[in-house]
Amino acid sequence: MEALEALKTRKSAALLSEPAPDKSELSDMFAAALRAPDHGCLRPWRFICFQGEQRNSLGEILKEALLVKDADASDAAIEKELNKPLRAPLVIAVIAKVTIETKIPVIEQVISAGAAAQNIMIAAHALGYAGIWRSGAPCFDDHVRARLGAVGEDQIVGFLYIGTAKKVPPLPELNIQDYVFEWHSVS
Ligand SMILES: Cc1cc2nc3c(=O)[nH]c(=O)nc-3n(C[C@H](O)[C@H](O)[C@H](O)COP(=O)(O)O)c2cc1C
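Predicted, not measured: the structure shown is a model, and the values here were computed from it.

**Q** Hey, could you run me through the pattern of salt bridges in this one?
**A** In a structure, side chains of opposite charge can pair up when their charged atoms sit close to one another. Throughout the structure, instances matching the rule amount to 6 salt bridges. Note that Asp-141 and Lys-69 form a salt bridge whose closest N and O atoms lie 2.6 Å from each other. Of this pair, Asp-141 sits in the loop between strand 4 (130-134) and helix 6 (142-147) while Lys-69 sits in helix 3 (residues 54-69), placing them 72 residues apart in sequence. Residue Asp-141 is classed as buried on the basis of its relative accessible area, which comes to 7%. Residue class for Lys-69 comes out exposed when judged on its relative accessible area of 63%. Among the salt bridges present, the one from Lys-97 reaches Asp-154, with a minimum N-O distance of 2.6 Å.

Structure below.
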């Protein structure tokens, strides 16, 4: 798909199935991620892929996090956590690996990781796949953070659920003029 067309038509899809991008397509998606703008060239990005059986490991981490918070969690609540990563054939955890010993503000490093995440979503869409960027409590949970190697100021910026859309939702109709303005100087 042509680049501008991909940018203008990306849409989240929550209902996902196989197939996921193959090895070569994934490589293209990560090459796109590594072109995220990056103040100071700190490369503040880490991507952890969970595919196939590996998704169960992420489910276990989410289950452990639940049990740390609520040792009496119901079987249904535990099952829900275990099943979350199974909602797509591929889940990519995107982590902003933050450097403190630099003049580049933490927020700029986190934004860079967000831009890398978006490049992945756009690239997946351009390749004919779909997905949804999810965050929620797991991004901020100490246990999940520790298990994914997020320490100190590091941030889990999201979990990218990627696969083939079972249903392609319609694009919302947004008017550019509602968000874009000409500067009128005050004189
Ligand atoms: C940082 C971030 C975190 C998000 N977390 C969630 C989430 O946990 N659950 C969810 O349903 N959508 C989440 N979203 C929103 C979806 O990814 C998506 O943007 C939204 O459903 C609107 O759909 P669209 O992208 O097709 O416009 C998040 C988006 C961002 C940028």
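Let's pick the thread back up.
**Q** Any chance you could explain the site of the ligand here in plain terms?
**A** Contacts to the ligand come from Arg-10, Lys-11, Ser-12, Ile-132, Trp-133, Arg-134, Ser-135 and Gly-136. One of the backbone nitrogen or oxygen atoms of Ser-12 is found 2.6 Å away from an oxygen atom of the ligand. Side-chain polar atom of Ser-135 to a nitrogen atom of the ligand: 2.8 Å apart, as the coordinates give it. The residue inventory of the shell around the ligand, partitioned by class, reads 2 nonpolar, 3 polar and 3 charged.

**Q** Where do I start with the environment of Lys-167 in this structure?
**A** Here Lys-167 shows up in the segment after strand 5 (155-165). Here Lys-167 falls in the exposed class, since its relative accessible area comes to 59%. Residues Lys-167 and Leu-16, 151 residues apart in the sequence, show an inter-C-alpha distance of 8.0 Å. With near-sequence residues (within four places) excluded, Lys-167 lies in contact with Ala-13 and Leu-15.

**Q** How should the layout of surface pockets be read in this particular structure?
**A** If a probe as big as a water molecule is rolled over the atoms, it shows which places are left empty. Looking at the largest pocket, its volume works out to about 180 Å³. Lining the largest pocket are 15 residues, and of these Lys-11, His-125, Tyr-129, Ala-130 and Val-168 lie nearest its centre. Of all the elements in the fold, those that place two or more residues in the lining of the largest pocket are helix 5 (106-126) and strand 4. Partitioning the lining of the largest pocket into residue classes produces 9 nonpolar, 4 polar and 2 charged.

**Q** Which parts of the structure should I look at to understand the environment of Ile-111?
**A** By the secondary structure assignment, Ile-111 is in helix 5. It is 9.0 Å that separates the C-alpha atoms of Ile-111 and Pro-37, two residues lying 74 residues apart in sequence.

**Q** Any chance you could explain the environment of Ile-92 here in plain terms?
**A** As for its placement among the helices and strands, Ile-92 is situated in strand 3 (residues 90-96). Counting along the chain gives 37 residues from Ile-92 to Tyr-129, while the straight-line C-alpha distance between them is 14 Å. Once you skip the residues sitting within four places of it in the chain, Ile-92 turns out to touch Phe-30, Phe-47, Ile-48, Cys-49, Ile-120, Gly-158, Phe-159, Leu-160 and Ile-162.

**Q** Sorry if this is basic, but what is going on with helix 3 here?
**A** Along an α-helix, residues three or four apart share an orientation, since each turn contains 3.6 residues. An ideal rise of 1.5 Å per residue puts 22 Å on 16 residues; helix 3 measures up with 24 Å between its terminal C-alpha atoms. In the core, the buried residues of helix 3 are packed alongside strand 2 (45-51), helix 4 (75-83), strand 3, helix 6 and strand 5.

Calculation rules
Residues numbered from 1 in each chain as written. Predicted model: local features only at pLDDT ≥ 70, side-chain atom pairs only at ≥ 80, totals over all residues. Heavy atoms only, no water. Salt bridge = Lys/Arg side-chain N within 4 Å of Asp/Glu carboxyl O. Helix = DSSP H or I, 4+ residues; strand = E, 2+ residues; numbered from the N terminus. Buried < 20%, exposed > 50% of the residue type's maximum accessible area, 1.4 Å probe, protein only. Near = heavy atom within 4 Å. Polar contact = N/O pair within 3.5 Å; in protein donor to acceptor, adjacent residues only side chain to side chain. Nonpolar A, V, L, I, M, F, W, Y, C, P; charged D, E, K, R; others polar. Contact = heavy atoms within 4.5 Å. 1 Å grid on protein atoms, 1.4 Å probe; cavity = no way out; pocket = protein on both sides within 12 Å on 5 of 7 lines; lining within 4 Å. Points joined across faces, edges and corners; volume = space filled by probe spheres on them. Expected span 1.5 Å × (residues − 1).

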